[in-house]
Amino acid sequence: MEDSLRAVLDSVFAPPAYQWEEPSQPFAFLGRWLGWVVEQIVRWGRDNPTALKVLFWAGVALLALVLIRAAWRIY
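Bear in mind the structure is a predicted one, so any value in this text is a computation, not a measurement.

Things to note about the environment of Ile68
- By secondary structure assignment, the location of Ile68 is in helix α3 (residues 49-74).
- For Ile68, a relative accessible area of 56% gives the class exposed.
- Along the primary structure Ile68 and Phe13 are separated by 55 residues, whereas in three dimensions their C-alpha atoms are 58 Å apart.

Focus on the environment of Trp36
- Structurally, Trp36 is set in helix α2 (residues 28-47).
- A relative accessible area of 48% places Trp36 in the partly exposed class.
- Along the sequence, Trp36 and Pro23 sit 13 residues apart, while their C-alpha atoms lie 24 Å from each other.

Side note on the packing of aromatic side chains
- A complete count under the given rule lists two aromatic pairs for this structure.
- Taking the centre distance of 4.9 Å and the plane angle of 75° together, the rings of Phe56 and Trp57 count as edge-to-face.
- On the numbers, 6.1 Å between centres and 40° between planes, the contact of Trp72 with Tyr75 is tilted. The pair formed by Trp72 and Tyr75 is uniform in burial state, with each residue classed as exposed.

Regarding the packing of α2 against α3
- In the contact formed by α2 and α3, the axes pass within 5 Å of each other and the chain directions differ by 130°. Classed by the angle they form, the pair α2 and α3 counts as oblique. Two secondary-structure elements touch here, α2 through Ile41, Trp44, Gly45, Arg46 and Asp47 and α3 through Pro49, Ala51, Leu52 and Leu55.
- Partitioned by chemical class, the residues of the contact of α2 with α3 number six nonpolar, one polar and two charged.

About the cut-offs
- Residues numbered from 1 in each chain as written.
- Predicted model: local features only at pLDDT ≥ 70, side-chain atom pairs only at ≥ 80, totals over all residues.
- Heavy atoms only, no water.
- Helix = DSSP H or I, 4+ residues; strand = E, 2+ residues; numbered from the N terminus.
- Buried < 20%, exposed > 50% of the residue type's maximum accessible area, 1.4 Å probe, protein only.
- Phe/Tyr/Trp six-rings, centres within 6.5 Å; stacked < 30°, edge-to-face > 60°.
- Axes fitted to C-alpha atoms, helices over the stretch in contact; angles between N-to-C directions.
- Parallel < 35°, antiparallel > 145°, perpendicular 65-115°, else oblique.
- Contact = heavy atoms within 4.5 Å.
- Nonpolar A, V, L, I, M, F, W, Y, C, P; charged D, E, K, R; others polar.

Below you can see the structure in the form of structure tokens.
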């Protein structure tokens, strides 16, 4: 019984319309690029921890400035 059911299902789903493919990911390159950037920052931080701290606090300051500017525009 199981073999005949499997044979019927295989014959039903054999046409090309039922051949499943992985969906394309048009923005996959962004994930690869972001991974590369993070890897470079980590490597740079291992070689020069002080520079990594400076980069971190510069990013925090930039984010604070963006938020202050947005609050000013909303006000």
